[in-house]
Amino acid sequence: MAELFAKVPSELDFPKEEREVLALWKERRVFERSLEDAGDKKPFIFYEGPPTANGLPHNGSVLTRVIKDLFPRYKTMRGYHVPRKAGWDTHGLPVEVEVEKELRMHGKAAIEEYGVEPFIKKCVESVFRYTDEWEKLTERIGFWVDLKEAYVTFHQSYVESVWWALSELSKKGLLYQGHKVVWWWAQGGTALSAGEVGQGYKEVLDPSAYVAFPLVDDPTTSLLVWTTTPWTLSSNAYAAVNVSYTYVKFALDGKHYIAAKELAEGLVKKLKKELVVEEEMTGASLVGKSYVPPFDLYESKLGRTGHPYWKVIEAPFVTLDAGTGIVHIAPAFGEDDFNAHKAILKAFPDAANVPLLCAVLPDGNFVPEFAKYAGRWVKSCDKEIVEELKSKGLLFFTEQYKHEYPFCWRADTDPLIQYARPAWYIRTTEKIQDAIANNRAVDWFPDHIKEGRFGDFLANNVYWALSRERYWGTPLNVWINDVSGKMDSPCSVKEILAKNPKAFDHFHEAKKADPSLSEHLIVHKPWIDSVTWEVPGEPGVYRRVPEVIDCWF
C-alpha cells in the first residue's frame, strides 16, 4: 500500500516514466502474451492501415498511431483476443516520385529510357529505407502492433489477395473498361485523385477569349463563345446553350453575333460600344444549328455527316455567371463536356464509329496534325492560339482571367490538365444502397459524420476509376484475347500456371541471372507483362492490359 500511495514528485520526469513503463512491458512480454493467450476468447481483428516506409514519420504519424492504439487496447481489456497485424505500404506514386528524385529524372519518358526493370528494382530498394525509424517510433509511443508478422503490399501473397477481390468483381460484371475525364499530370503520365488535386491549387492568370463560331446557314452571323482554355478549341465538338435563357442577335462593326440577352450588353461594353439588338430568340431555337469550328483538324477529314459534331446542343450546366451564355464543348477535356457528349451519342444511330476529338497526346503536347503547334506543351500555346484567332477574324475580345488552377503537388511547376483517358472502373454505385444502409447501422463518433462527411461521400459516390498508367503497383489482373476480345481475370499465379505451365519461365530465368531479384516481383511489371496463354480451340492469345491499380484499393 505504501508504494501505491507514494508521494508524487513535484517535478515529474515524464519521459523517464514512459521509458520505465516501456521497459516493464518489454521485460514481461506483455504485448506478446496478449497475442499468445487466445483460449476461447472472441477475436477482434485489427489490420493496421500501413505507413509508407520510404519516408520518415512525423507528428501526424504519432497522432494516428496513438488513436489507432486505443481501440485494440480497449478490446483487449474487454476480454477479446486482439491480433494486431502491422503492415507496410510499399506501392504507388509516392515511391516512384522518390526514386525519380534519387535518379534525377522526371516523367514516364525518362523512366522508360532508364528501363522499367531497373526502375522497379530501385523502388524495392527504396520502400524499406526508414523501417528502423518507424519501428523505433512505434515502440517509443507504445503502439502495440505485430511488426514481426507484418503484411507487405508488394509481396505475392498480398498482391494475390487483391487479385482475388478483383477477380470476384469481374465475375459479377462489376469491373469494366471505359473513358473518364481526369485531372492528368502529363509530365508524370498519370491521373491524380481528387484529394491530390486539392493540394496543388495556385492563383494564375490565363487568357480569357471570346470567340466567334460562324453559322453554316448564315456565315455573317456567329455564335459568341467564351473560354479560358484556348488550347482546347483545337478539339471543339459542340456549342452548348441553356434552353431556359433568351438569346439575342446583335450587330457590331458590320458583323452579327448571338449571345445570352442578360450578358450581351456587358460583352459589347468591353469594346466600349453600344448594344444594337437585331433579334431575340429562345435557346431552344438555336439547338441543332450547325457552325464552323475555329480550327479545322477534323472537319475536312470527317465531313458533315456520320457524326453529331459542330452543332448547338442543350446543356443545363450553361449559366449566366460569366461568359456569353454559349459554352464551347470539348469532350476530351472536361467532365461536363464528356457527359454531354455521351448523352448525345446515346441517341446517335452510329455512336460506335464516332471518334473522340482529341488533339492532345498523353504527354500534354499537341498532335502532329496541328502543324503550327505540333509537339508543344498545350498551355504554352494559349497566347499564340489567341493571336491566330485574331488573324482569322474570329476573336471578339480577349482579357486576362485570374483564377485558381491545380498544379501537381509532387512537382509544383507542372500544371494539370483535364484529359479523357481510357480507364478500368469498378461499378461501385451498383451496391451503393447496401453501403448506405450499412453506414446507417454504424455508431459514429461524432454522430454528425454518419450523414455528414461520410454520408455525403456515399451519396455522391461514382464509379471507381481503378487503373493507373504507372509502373510500381499491383498489376491489374486483366488479360484480353487479342483476337476475340474476351476478358479473363485470374486470381493467382497458380491459376495462371494452370493455363500456361511456362508462363513465368522468363521470370525464373531473370532470377537465375540476378539472384538478388525478389521472388515477390514475379507478380509485378515488367515481368508480369510477358505472361500470356492460349485456350485450346479459341483463336488468339491472352495478353495482360498494361495498367497497375490505385494503391488505395
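Structure shown above.
Residues numbered from 1 in each chain as written. Predicted model: local features only at pLDDT ≥ 70, side-chain atom pairs only at ≥ 80, totals over all residues. Heavy atoms only, no water.

J.: Tell me what's going on with the overall build of the protein chain, and back it up with residues and numbers.
T.: Counting secondary structure elements, the protein chain contains 19 helices and 22 strands. If one aligns the C-alpha atoms of the protein chain with their principal axes, the spans along those axes are about 100 × 75 × 50 Å. Per-residue burial for the protein chain yields a buried fraction of 45% across its 553 residues. Pairs at least 24 apart in sequence give 74% of the contacts found in the protein chain among residues at least 6 apart. Positive and negative side-chain charges in the protein chain, numbering 67 and 79 respectively, have mean positions lying 2 Å apart. (Helix = DSSP H or I, 4+ residues; strand = E, 2+ residues; numbered from the N terminus. Buried < 20%, exposed > 50% of the residue type's maximum accessible area, 1.4 Å probe, protein only. Contact = heavy atoms within 4.5 Å. Lys, Arg positive; Asp, Glu negative; His and termini not counted. Charge placed at Lys NZ, Arg CZ, Asp CG, Glu CD.)

J.: Tell me about the side chain of Thr232, residues and numbers included.
T.: With respect to the element layout, Thr232 can be found in the loop between strand E7 (221-227) and strand E8 (238-241). Polar contacts involving the side chain of Thr232 include one to the main-chain carbonyl oxygen of Thr229, which spans 2.8 Å. (Polar contact = N/O pair within 3.5 Å; in protein donor to acceptor, adjacent residues only side chain to side chain.)

J.: Could you give an account of the sheet that holds strand E4 (residues 175-185), with specific residues and numbers?
T.: Spatially, E5-E4-E15-E16 is the arrangement adopted by the four strands of the open sheet, whose pairing is antiparallel. The strands lining the two open edges of the sheet, one partner per strand, are strand E5 (190-192) and strand E16 (464-465). (Pairing = 2+ DSSP bridges.)

J.: Account for the pairing of E7, with residues named and values stated.
T.: Counting buried residues in E7 gives six out of seven residues, a clear majority hidden from the surface. In this structure, strand E6 (residues 201-214) lies alongside E7, joined through six bridges in antiparallel fashion. Following the sheet pairing, Ala209 is matched in E7 by Thr227.

J.: Before we move on, could you go through the sheet that holds strand E19 (residues 487-488) and cite the residues and values that matter?
T.: Strand pairing in a sheet relies on backbone hydrogen bonds, with the paired strands running either antiparallel or parallel. Strand order in the open sheet made by the four strands is E19-E18-E21-E20, with antiparallel pairing throughout. With one partner strand each, in any of the chains shown, E19 and strand E20 (532-533) form the two edges of the open sheet. By the bridge criterion, two bridges tie E20 to strand E21 (residues 542-544) in an arrangement that is antiparallel. Looking across to E21, one finds that Thr532 is bridged to Arg543.

J.: Describe the nonpolar core, naming the residues involved and giving the relevant values.
T.: In this structure, Leu223, Tyr247, Phe250, Phe366, Ile385, Phe396 and Ile417 are the most contacted members of the largest nonpolar core, which totals 80 residues. Here this core gets six residues from one element, more than from any other, and that element is E6. If we ignore the near neighbours within four places in the chain, the residues touching Phe366 are Trp231, Ser234, Ala359, Val360, Leu361, Tyr373, Ala374, Gly375, Arg376, Val378, Cys381 and Ile385. (Core = buried A, V, L, I, M, F, W, Y, C linked by side-chain atoms within 4.5 Å.)

J.: Explain the packing of helix H4 (residues 93-103) against helix H6 (residues 116-127) to me, and be specific about the residues and the numbers.
T.: Packing of H4 against H6 brings their axes to within 9 Å, and their N-to-C directions diverge by 105 degrees. By the angle class used here, H4 and H6 are roughly perpendicular. Contacts between H4 and H6 involve Val95, Glu96, Val99, Glu100, Glu102 and Leu103 from the first element and Phe119, Lys122, Cys123, Ser126 and Val127 from the second. By residue class, the composition of the contact of H4 with H6 is six nonpolar, one polar and four charged. (Axes fitted to C-alpha atoms, helices over the stretch in contact; angles between N-to-C directions. Parallel < 35°, antiparallel > 145°, perpendicular 65-115°, else oblique. Nonpolar A, V, L, I, M, F, W, Y, C, P; charged D, E, K, R; others polar.)

J.: Please give an account of the side chain of Arg65 that cites residues and values.
T.: Along the chain, Arg65 falls in helix H3 (residues 59-77). Of the residues examined, Arg65 reaches a relative accessible area of 2% and is grouped as buried. A polar side-chain atom of Arg65 sits 3.1 Å from a polar atom in the side chain of Thr138. If we ignore the near neighbours within four places in the chain, the residues touching Arg65 are Glu48, Pro51, Trp134, Leu137, Thr138, Ile141 and Phe143.

J.: Explain unusual backbone geometry to me, and be specific about the residues and the numbers.
T.: Peptide bonds are, in most cases, trans, and in most cases residues other than glycine have a negative phi. For the bond from Phe445 to Pro446, the omega torsion is -5 degrees, close enough to zero to count as cis. Within the secondary structure, Pro446 sits in the loop between helix H15 (432-440) and helix H16 (448-451). The backbone phi angle of Arg104 is positive, close to 55 degrees, even though this residue is not glycine. Residue Trp310 is not a glycine yet carries a positive backbone phi of 60 degrees.

J.: Residue-level account of the pairing of strand E9 (residues 246-252), with values.
T.: Summarising burial for E9: five of the seven residues are buried, a large majority. Summarising the sheet, E9 and strand E11 (residues 277-282) pair through five bridges and their orientation is antiparallel. Following the sheet pairing, Thr246 is matched in E11 by Thr282. Two elements, E9 and strand E10 (residues 255-260), share six bridges in a ladder whose sense is antiparallel. Paired with Ala251 across the two strands is His256, which belongs to E10. Taking the residues that link successive antiparallel strands as the turn, the E9-E10 hairpin has two residues, and the phi of Asp253 there is positive, at about 50 degrees.

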